[in-house]
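# Overview (structure and organization)
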Amino acid sequence: MTVFLCGFMGCGKSTVGKLAAKKLGCGFCDTDDLIVRTLDMTIPEIFEQKGEPFFRKTEAEIVKSLCGKKTVAACGGGAMLNPDTAKAAADSGCAVIFLDVPFDVCYERIKNDTNRPIVMRSTKEELEQLFNTRREVYLKHSTLCIECADSPMEIAEQIAAAVKK
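Computed from a predicted model, the values in this text were never measured in an experiment. (Residues numbered from 1 in each chain as written. Predicted model: local features only at pLDDT ≥ 70, side-chain atom pairs only at ≥ 80, totals over all residues. Heavy atoms only, no water.)

### Brief notes about the overall build of the protein chain
On a plain count of helices and strands, the protein chain comes out with 9 helices and 5 strands. Starting at the N terminus and ending at the C terminus, the protein chain contains elements arranged as β-α-β-α-α-α-β-α-β-α-α-α-β-α. On C-alpha atoms alone, the protein chain measures out to a radius of gyration of 15 Å, which is about the 15 Å that the 2.2 N^0.38 rule sets for 165 residues. In terms of overall dimensions, the protein chain has C-alpha extents of about 40 × 30 × 25 Å along its principal axes. (Helix = DSSP H or I, 4+ residues; strand = E, 2+ residues; numbered from the N terminus. Rg over C-alpha atoms; globule rule 2.2 N^0.38 Å.)

### Description of the nonpolar core
The biggest cluster of nonpolar side chains holds 54 residues, and the ones touching the most others in it are Val 3, Phe 4, Phe 8, Met 80, Ile 97, Leu 99 and Ile 159. Residues within four places of Met 80 in sequence aside, it is in contact with Phe 4, Cys 6, Val 63, Cys 75, Thr 85, Ala 86, Ala 89, Val 96, Val 137 and His 141. (Core = buried A, V, L, I, M, F, W, Y, C linked by side-chain atoms within 4.5 Å. Buried < 20%, exposed > 50% of the residue type's maximum accessible area, 1.4 Å probe, protein only. Contact = heavy atoms within 4.5 Å.)

### Digging into the side chain of Asp 32
In this fold, Asp 32 is placed in helix H2 (residues 31–39). Despite its burial, Asp 32 pairs with no opposite charge; the closest candidate is Arg 116, at 5.5 Å N-O. Contact partners of Asp 32, with chain neighbours within four places excluded, come to Ile 43, Phe 55, Glu 59 and Gly 76. (Lys, Arg positive; Asp, Glu negative; His and termini not counted. Salt bridge = Lys/Arg side-chain N within 4 Å of Asp/Glu carboxyl O.)

### So, the sheet that holds strand S1 (residues 2–6)
If you trace the 5 strands from one edge of the open sheet to the other, you get S2-S3-S1-S4-S5, paired in parallel fashion. Each end of this open sheet is capped by a strand with a single partner; those strands are strand S2 (27–30) and strand S5 (144–147). For this sheet, the mean inter-axis angle between neighbouring strands, taken without regard to orientation, is 20°. Direction of pairing for S2 relative to strand S3 (residues 71–74): parallel, over a ladder of 4 bridges. Counterpart to Phe 28 in the pairing with S3 is Val 72. Contacting S2 and S3, H2 runs over the sheet at an angle of about 70° to S2. Together, S1, strand S4 (95–100) and S5 form the strand contacts of helix H8 (residues 124–141), whose direction differs from that of S4 by roughly 145°. (Pairing = 2+ DSSP bridges. Axes fitted to C-alpha atoms, helices over the stretch in contact; angles between N-to-C directions.)

The quantities given are spatial measurements derived from coordinates; they are silent on function.
What follows is the structure, encoded as structure tokens:
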């Protein structure tokens, strides 16, 4: 079964995803890393040279290509905002798990990350507004929401237990 982890930038999708994949005995991938390898460009280069719509289209194609694979995939913060992508995951029987982390925690993790074009061009207030808007969509498009107050290992255990049910 494919397990997609979604949530705002800095919520811990990659950290938790690697641990969950080990617990489930399957592979792990990060969709942003797959995009970078596929296009042989950094995310800032993609945004600058090809634009965010191109990035989102590529992201959607990669997410759809993972459906049906036995993997845990950490999705970029915008991947499951696309209704078509979320529908493709749902129609394929994939688990879409929203890692719900408070904005202030995410912000502390991402505020100086130069590999995140949206962070670099936005104020804290703009990012918080984006967070609030996206949170509602993540909730709508996910099959499970995990409030991430525990350690990454404990969250990974919750994911593994939910997927095995």
